[in-house]
Amino acid sequence: NKGLTIEQKNGKVYVSMSDKLMFASGKAEVQEKGKEALKVLANVLKQNDEFKILVEGHTDNVPISTSKFKDNWDLSVARATSMVRLLEEKHDVNPDRLTASGRGEYEPKASNDTAAGRAKNRRT
């Protein structure tokens with residue numbers, strides 16, 4: 001209920017952080033509360049150095065176009081990259097283990113037809 005979920009499937013561990021925890025609307029800079037959550041996650045990741053880490057940005061399908069981001073895909077990539085940079089620069093996670101990826105609106109967890117569904121889709 002704090003914007004973070006963990007699940008295991010197909011031999012992988014998935015940690016999802018909601019956009020409200022990590023980012024202001026339409027922004028790619030990690031918020032302070034998101035930095036705190038990332039710090040806790042980084043400590044776990046550093047203790048398990050055999051894990052490769054893929055950070056994926058996801059959005060809903062509500063169009064965005066700003067001076068900084070052409071569309072949701074741009075935003076999702078920028079958000080993933082922001083988190084990867086923090087993991088490496090602030091928390092000393094080996095960059096050889098890190099990959100940033102943006103999925104935009106193309107891998108939703110829920111329907112984009114409702115506000116609740118769109119909220120589930122906005123995650124990293």
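Described below are features of the structure shown in this document.

How each quantity is defined
Residues numbered from 1 in each chain as written. Predicted model: local features only at pLDDT ≥ 70, side-chain atom pairs only at ≥ 80, totals over all residues. Heavy atoms only, no water. Helix = DSSP H or I, 4+ residues; strand = E, 2+ residues; numbered from the N terminus. Rg over C-alpha atoms; globule rule 2.2 N^0.38 Å. Buried < 20%, exposed > 50% of the residue type's maximum accessible area, 1.4 Å probe, protein only. Contact = heavy atoms within 4.5 Å. Areas by Shrake-Rupley, 256 points an atom, 1.4 Å probe, with all protein chains shown as cover. Lys, Arg positive; Asp, Glu negative; His and termini not counted. Charge placed at Lys NZ, Arg CZ, Asp CG, Glu CD. Expected span 1.5 Å × (residues − 1). Salt bridge = Lys/Arg side-chain N within 4 Å of Asp/Glu carboxyl O. Core = buried A, V, L, I, M, F, W, Y, C linked by side-chain atoms within 4.5 Å. Axes fitted to C-alpha atoms, helices over the stretch in contact; angles between N-to-C directions. Parallel < 35°, antiparallel > 145°, perpendicular 65-115°, else oblique. Left-handed = near helix turned anticlockwise from the far one by under 90°.

### Structural notes on the overall build of the protein chain
Scanning the protein chain from terminus to terminus reveals four helices and four strands. Going from the N terminus to the C terminus, the protein chain shows its helices and strands as β-β-α-α-β-α-β-α. Against the compact-globule benchmark of 14 Å for 124 residues, the protein chain has a radius of gyration of 14 Å, which places it among compact chains. The C-alpha extent of the protein chain, read off along each of the three principal axes, is 40 × 35 × 25 Å. Among the 124 residues that make up the protein chain, the fraction classed as buried is 34%. Sequence-distant contacts in the protein chain: of pairs separated by 6 or more residues, those separated by 24 or more amount to 61%. Per element, the accessible surface of the protein chain, about 7,800 Å² overall, is 49% carbon and sulfur. Counting 22 positive and 18 negative side-chain charges, the protein chain places the centres of these two groups 4 Å from one another.

### Describing helix 2 (residues 32–47)
Between its terminal C-alpha atoms helix 2 stretches 23 Å, which fits the 22 Å expected from 16 residues at 1.5 Å a residue. Here the buried face of helix 2 lies against strand 2 (12–17), helix 1 (19–22), strand 3 (53–58) and helix 3 (72–89).

### A few points about the pattern of salt bridges
Counted under the stated rule, the structure contains six salt bridges. K109 is the salt-bridge partner of E7, the closest N and O atoms lying 3.2 Å from each other. Of this pair, E7 sits in strand 1 (residues 4–9) while K109 sits in the loop between strand 4 (98–104) and helix 4 (115–121), and the two are 102 residues apart along the sequence. The class of K109 is partly exposed, set by a relative accessible area of 46%. Here the salt bridges share partners, and the residues they tie into one network are D19, D60 and R122.

### Re unusual backbone geometry
The general pattern is negative phi for most residues beyond glycine and trans for most peptide bonds. Despite not being glycine, N10 shows a phi value in the positive range, around 55 degrees. Position of N10 among the secondary structure elements: in the loop between strand 1 and strand 2. Classification of N10 as exposed rests on a relative accessible area of 70%.

### A short note on the nonpolar core
By size, the foremost hydrophobic cluster in this structure holds 18 residues, and its most contacted members are M17, M22, V55, M83 and L87. Every element with two or more residues in this core is listed here: helix 1, helix 2, strand 3 and helix 3. A total of five residues in this core trace back to one element, the largest contributor, which is helix 3. Setting aside its immediate chain neighbours within four residues, L87 contacts L38, A42, L45, V55, D92, V93 and L98.

### What about the packing of helix 2 against helix 3?
Viewed as axis vectors pointing N to C, helix 2 and helix 3 meet at an angle of 55 degrees, and their least axial separation amounts to 10 Å. One element, helix 2, and the other, helix 3, form an angle in the oblique class. For the element pair helix 2 and helix 3, the recorded crossing hand is right-handed. Note on element contacts: helix 3 touches helix 2 through M83, L86 and L87, opposite K35, L38, A42 and L45.

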